[in-house]
2 protein chains.
Amino acid sequence: MDAHVYGVGTSHFGRQPGVAGPMLAQQAIIEALGDAEVDSIDAVFAGTVFGAPGTAQRALQTLGITGVPILTFENACATSSTALHEARHAVMSGRYERVLCLGIETMTAHFAGPITPEVTDAEGRAGLALPGVYAMVASRYEHLHGLDRQALAAVAVKNRAHGALNPRAQHGSEVTVEEVLASRMVADPLTLMQCCDISDAATAAVIGVPRGNPRDVRIAASALRSGELWDHRSTQPWGYDLMASVASDAYEEAGIGAQEIDLFEVHDAFTIGEITATEALGLTEPGGGGELVLSGHTTLGGRQPVNPSGGLLSRGHPLGATGLAQIAEGVWQLRGEAGARQVEGARVAAVETMGGGTAGIDGNGCVVVILGG
Amino acid sequence: MDAHVYGVGTSHFGRQPGVAGPMLAQQAIIEALGDAEVDSIDAVFAGTVFGAPGTAQRALQTLGITGVPILTFENACATSSTALHEARHAVMSGRYERVLCLGIETMTAHFAGPITPEVTDAEGRAGLALPGVYAMVASRYEHLHGLDRQALAAVAVKNRAHGALNPRAQHGSEVTVEEVLASRMVADPLTLMQCCDISDAATAAVIGVPRGNPRDVRIAASALRSGELWDHRSTQPWGYDLMASVASDAYEEAGIGAQEIDLFEVHDAFTIGEITATEALGLTEPGGGGELVLSGHTTLGGRQPVNPSGGLLSRGHPLGATGLAQIAEGVWQLRGEAGARQVEGARVAAVETMGGGTAGIDGNGCVVVILGG
């Protein structure tokens, strides 16, 4: 049996260190249940990376949602995408008719700067916080294909321009290539405006069996794999092989190819991440990602907009909440509810979330979901 | 399709603060894969409560287990029982043929004493760490039924006597009723020897489709529900209603009743927990749990041994690892591999894990699994 997305919701995205995770979760849940037009659910599949044990239960109890199974997942940045993937299978197998998916993360009260590596990690001790990991992705990419720093900056410029059209974005202003390149160097070649911001937010979606409601969005496919923490033996940039294999699984299940997809939400935690994602997802060949963004192909109004929401670079990246935020954008786009950032005639959307890697978040997992079709 | 347990394994249980979680996990995984006689798996369903993000991936990568989906669950004390429950459904629905389940917890490096409540919890600020929660269970029980402190102590005496026969137990020595009652008062009426110890350990199980191997143990049923953090409106002791409803679900699925079960592993985090569990699981009526233990009914050699492993009171309670430790005991018992603590002729075993409650572990979830039959 198919599974459909009935409704989605999010809290405010931003630095809100005084607001507890359960409070954020309640904002997202209330919006999602209202959007889905349901008043009861059979199970909750929640996710958080750094949240205290039972964060989801605390939010749910206050809303009177108790007595049903409540599961909490952790899968690094792919945490709530993983919850959605599992919820979809629970619906498809007939276990549940309606599952509430939930992502919750409060980061600004915990992290002053980038996520801190665990001291037991060899990579962590070597200083490989996530900006460093992605800087090495860029270095590897440069070695393989050459790397135009203008193209890297163009990803940030594009996504911030999209985000300026998204009232939910944490950073809602446009930036120029010059501003991006002149912003503080974080990990060469990634400047500050090429790095997503930490955030506090929660996200929710209601998944269920087909019910004949035209606002519901079909989940045509979802795929999940975990990979090497650190792809020592790959010739590709970190994450490429994993993203490509998961995308291949998802395309096979959906019976479509990259060229048939109208818009993408991908994991642009850092600008280079979007470039490798567009290649791994098959929008272009390896090495073609820079030209792809410079050509306008992936800009709103182009043939295949990537991150019409503004992506993580605009929205902010509350780890466990990000996946369902991407799903929410896909749903709004396919319903035609995306307002000023609407992709005209959108029928199929792909969402890619890349989790972890090394140094503080040891997991490495990727989820690709195809919506619509 | 049914799901069977192919094999189980555990690390050493004990206070081993210098040993990282992934190292413990590897001990458990290697034993479980060998016991299962498999050399590949389709997915990993792991669990930890306080472990760093990606703890499971780090353990698995070092063993060369990559490329498959790796999920990590958190459900308080019921964490690895939840992983098993979900893995069973993934096998039953045909998604995977073989799933490795994993529970990992390192506590002694993090907690000097009892688990510390979150400062945002109303209950936490009121001092309701878990010993306090269970002390209030005992107080409520006393109000409802009267409470014989000798019976409470008898639970510890019985389980420590069982644990003395279990080479994997963290506390492998017998104790007397007098010693139990004379040990330091932790939260009236619960003395130190009535409280499980924190621990560092990992546990594993391989679950798969039926393959005709007589050593494999069928999972006849599994049930999971989450409840109120704190059962303000119940007239019963905390947790009773939830345990009873989950047990009812499991018995219904298995098509059997409590009297047909040969042995039980239940969540004796505190002595009163075993008394309420035996009542909720239907071994006796509410109020009968004290007499049940005093009569020898639940002692090895009695009609329905409870916690032949020694339970959490002997084994120690590494939160996320406990559920699969209970499952492992059930498997060993049903195979006739339990050595000096073997329940003769055991054919059906029930495992109950009660998670969380309040104050630092906000979740409240219960899992009941029926093995064999």
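Source: prediction; values computed, not measured.

K.L.:
I'm lost on the overall build of chain A in this one. Help?
P.N.:
Helix and strand content of chain A: 12 helices and 11 strands. Against the 2.2 N^0.38 benchmark of 21 Å for 373 residues, chain A shows a C-alpha radius of gyration of 19 Å, consistent with a compact globule. In terms of its C-alpha atoms, chain A occupies a principal-axis envelope of roughly 55 × 45 × 40 Å. Counting the 373 residues in chain A, one finds 65% classified as buried. Long-range pairs, those at least 24 residues apart, make up 78% of the contacts in chain A with a sequence separation of at least 6.

K.L.:
For this particular structure, what's the right way to read the pairing of strand β11 (residues 364-372) of chain A?
P.N.:
On a regular strand, each side chain points to the face opposite its neighbour's, so the side chains alternate between the two faces of the sheet. Residues and elements named next belong to chain A. Along β11, nine of the nine residues are buried, which leaves the element largely enclosed by surrounding structure. Summarising the sheet, strand β8 (residues 217-226) and β11 pair through seven bridges and their orientation is antiparallel. The residue bridging Arg225 from the neighbouring strand is Cys366, located in β11. Here strand β10 (residues 348-356) runs beside β11; their pairing, made up of nine bridges, is antiparallel. Following the sheet pairing, Val351 is matched in β11 by Val369.

K.L.:
What should I look at first to understand the interface of chain B and chain A in this one?
P.N.:
It is common to give the size of an interface as the accessible area that goes away when the parts come together. At the interface, 39 residues of chain B touch 39 residues of chain A. Broken down by secondary-structure element, the contributors of at least two residues to the side of chain B that touches chain A are α2 (55-62), β3 (70-74), α3 (79-92), β8 (217-226) and β11 (364-372) of chain B. The dominant element in the side of chain B that touches chain A, judged by the number of residues it contributes, is β3 of chain B, at five residues. The residue inventory of the side of chain B that touches chain A, partitioned by class, reads 13 nonpolar, 18 polar and eight charged. Both strand β3 (residues 70-74) of chain A and β3 of chain B contribute to a ladder of three bridges, which runs antiparallel. By the bridge assignment for β3 of chain B, Phe73 of chain A is matched with Phe73 of chain B.

K.L.:
Sorry, what's going on with unusual backbone geometry here?
P.N.:
Peptide bonds are mostly trans, and most non-glycine residues show a negative phi. All names here are of chain A. Residue Pro189 is bonded to the preceding Asp188 through a cis peptide linkage, with omega at 10°. Topologically, Pro189 is positioned in the loop between β5 (185-187) and β6 (190-191). Even without a glycine there, the phi angle at Glu37 is positive, about 55°. Structurally, the position occupied by Glu37 is in the loop between α1 (21-36) and β2 (43-47). Exposure remark for Glu37: the 13 C-beta atoms within 10 Å place this residue in the partly exposed category.

K.L.:
Looking at this structure, how should I read the packing of helix α6 (residues 149-163) of chain A against helix α9 (residues 271-280) of chain A?
P.N.:
For any two helices packed against each other, one specifies the inter-axial angle together with the distance between the axes. Residues and elements named next belong to chain A. It is at 8 Å that the axes of α6 and α9 come closest, and there the two elements cross at 95°. Between α6 and α9, the interaxial angle falls into the category roughly perpendicular. Facing α6, whose interface residues are Leu152, Val155 and Ala156, α9 presents Thr271, Ile272, Glu274 and Ile275. Taken together, the residues of the contact of α6 with α9 sort by class into five nonpolar, one polar and one charged.

K.L.:
Looking at this structure, how should I read the confidence of the model for chain A?
P.N.:
Low-pLDDT stretches of the model should not have their predicted coordinates read in fine detail. The predicted model of chain A has a mean per-residue pLDDT of 93, with 94% of residues at 70 or higher. For this predicted complex, the interface confidence reaches an ipTM of 0.92, while the overall pTM sits at 0.95.

K.L.:
Which parts of the structure should I look at to understand the relation of the copies chain B and chain A?
P.N.:
Each of the two chain copies goes to the other by way of a rotation about an axis and a shift along it. Overlay of chain B on chain A (RMSD 0.0 Å): rotation 180°, translation along the axis 0.0 Å. Both copies are brought into coincidence by an operation consistent with a two-fold rotation axis. Considering only C-alpha atoms, the residue of chain B closest to the rotation axis is Phe73 of chain B, which sits at 2.3 Å. Interface overlap between copies: 100% of the residues of chain B at the interface are likewise at the interface in chain A, consistent with a symmetric, same-surface contact.

K.L.:
Please explain the nonpolar core as it appears in this structure.
P.N.:
One broad trend across soluble globular proteins is that nonpolar side chains are buried collectively. Counting 255 residues, the largest nonpolar core has Cys101, Leu102 and Ala205 of chain A together with Cys101, Leu102 and Ala205 of chain B as its most contacted members. Every residue in contact with Ala205 of chain B, bar those within four places of it in the chain, is listed here: Val5, Gly7, Val8, Ala32, Leu84, Cys101, Leu324, Ile327 and Ala328 of chain B.

K.L.:
Can you walk me through the environment of Cys196 of chain A in this structure?
P.N.:
All names here are of chain A. For Cys196, the position within the fold is in the loop between β6 and β7 (200-208). Exposure remark for Cys196: the 27 C-beta atoms within 10 Å place this residue in the buried category. Between the alpha carbons of Cys196 and Ala151 there is a distance of 17 Å; along the sequence they are 45 residues apart. When sequence neighbours within four positions are dropped, the list of residues in contact with Cys196 reads Ala269, Phe270, Leu312, Leu313, Gly316 and His317.

K.L.:
Can you walk me through the packing of helix α5 (residues 130-145) of chain A against α9 of chain A in this structure?
P.N.:
All names here are of chain A. Interaxial distance between α5 and α9 falls to 9 Å at its minimum, and their mutual angle equals 50°. Looking at the two axes, α5 sits oblique to α9. Handedness of the α5/α9 crossing: left-handed. Along the contact surface, α5 presents Tyr134, Val137, Ala138 and Tyr141, while α9 presents Ile272, Gly273 and Thr276.

K.L.:
Even after reading the chapter, I still don't get α3 of chain B, so can you show me in this structure?
P.N.:
For the α-helix, the turn length of 3.6 residues means that residues three or four positions removed from each other point alike. Residue and element names in this part refer to chain B. An ideal rise of 1.5 Å per residue puts 20 Å on 14 residues; α3 measures up with 20 Å between its terminal C-alpha atoms. Along α3, 12 of the 14 residues are buried, which leaves the element largely enclosed by surrounding structure. When α3 is considered as a whole, its buried residues turn out to be Thr79, Ser80, Ser81, Thr82, Ala83, Leu84, His85, Glu86, Ala87, Arg88, Ala90 and Val91. One or two residues past the end of α3 sits Gly94, with phi positive at roughly 90°.

K.L.:
Mind showing me how you'd approach the pairing of strand β1 (residues 4-10) of chain B here?
P.N.:
Residues and elements named next belong to chain B. Burial analysis of β1 places seven of its seven residues in the buried class, which makes it a mostly covered element. The sheet contact formed by β1 and strand β7 (residues 200-208) spans six bridges and is antiparallel. Across the sheet, residue Gly9 finds its bridge partner in β7, namely Ala204. Bridge analysis of β1 against β8 gives two bridges, and the strand direction is antiparallel. The residue bridging Val5 from the neighbouring strand is Val217, located in β8.

K.L.:
Which parts of the structure should I look at to understand the environment of Ile275 of chain A?
P.N.:
All names here are of chain A. Tracing the backbone shows Ile275 in helix α9. The exposure class of Ile275 is buried, given the 32 C-beta atoms found within 10 Å. Counting along the chain gives 12 residues from Ile275 to Gly287, while the straight-line C-alpha distance between them is 8.7 Å. Aside from chain neighbours lying at most four places away, what touches Ile275 is Val155, Gly289 and Gly290.

K.L.:
Can you walk me through helix α2 (residues 55-62) of chain A in this structure?
P.N.:
Most of α2 of chain A is tucked away, with seven of its eight residues classed as buried. Looking at the buried residues of α2 of chain A, the elements they touch are α1, β2, β3 and β4 (98-106) of chain A together with β8 and β11 of chain B. Looking one or two residues beyond α2 of chain A, the residue adopting positive phi is Gly64 of chain A, at roughly 80°.

K.L.:
Got a minute to help me understand the environment of Gly14 of chain A in this structure?
P.N.:
Residue and element names in this part refer to chain A. Secondary-structure assignment places Gly14 in the loop between β1 (4-10) and α1. On a C-alpha basis, the gap between Gly14 and Ala153 in space is 23 Å, while along the polypeptide they are 139 residues apart. Beyond its immediate chain neighbours, meaning those up to four positions away, Gly14 contacts Gln170, Ser199, Asp200 and Gly316.

Here is what the cut-offs are and how they apply
- Residues numbered from 1 in each chain as written.
- Chains lettered and ligands numbered in written order.
- Predicted model: local features only at pLDDT ≥ 70, side-chain atom pairs only at ≥ 80, totals over all residues.
- Helix = DSSP H or I, 4+ residues; strand = E, 2+ residues; numbered from the N terminus.
- Rg over C-alpha atoms; globule rule 2.2 N^0.38 Å.
- Buried ≥ 20, exposed ≤ 12 C-beta atoms within 10 Å, placed from the backbone.
- Contact = placed C-beta atoms within 7 Å.
- Pairing = 2+ DSSP bridges.
- Nonpolar A, V, L, I, M, F, W, Y, C, P; charged D, E, K, R; others polar.
- Axes fitted to C-alpha atoms, helices over the stretch in contact; angles between N-to-C directions.
- Parallel < 35°, antiparallel > 145°, perpendicular 65-115°, else oblique.
- pLDDT = per-residue confidence, 0-100.
- Least-squares fit on C-alpha atoms with pLDDT ≥ 70 in both.
- Core = buried A, V, L, I, M, F, W, Y, C linked by C-beta atoms within 7 Å.
- Left-handed = near helix turned anticlockwise from the far one by under 90°.
- Expected span 1.5 Å × (residues − 1).

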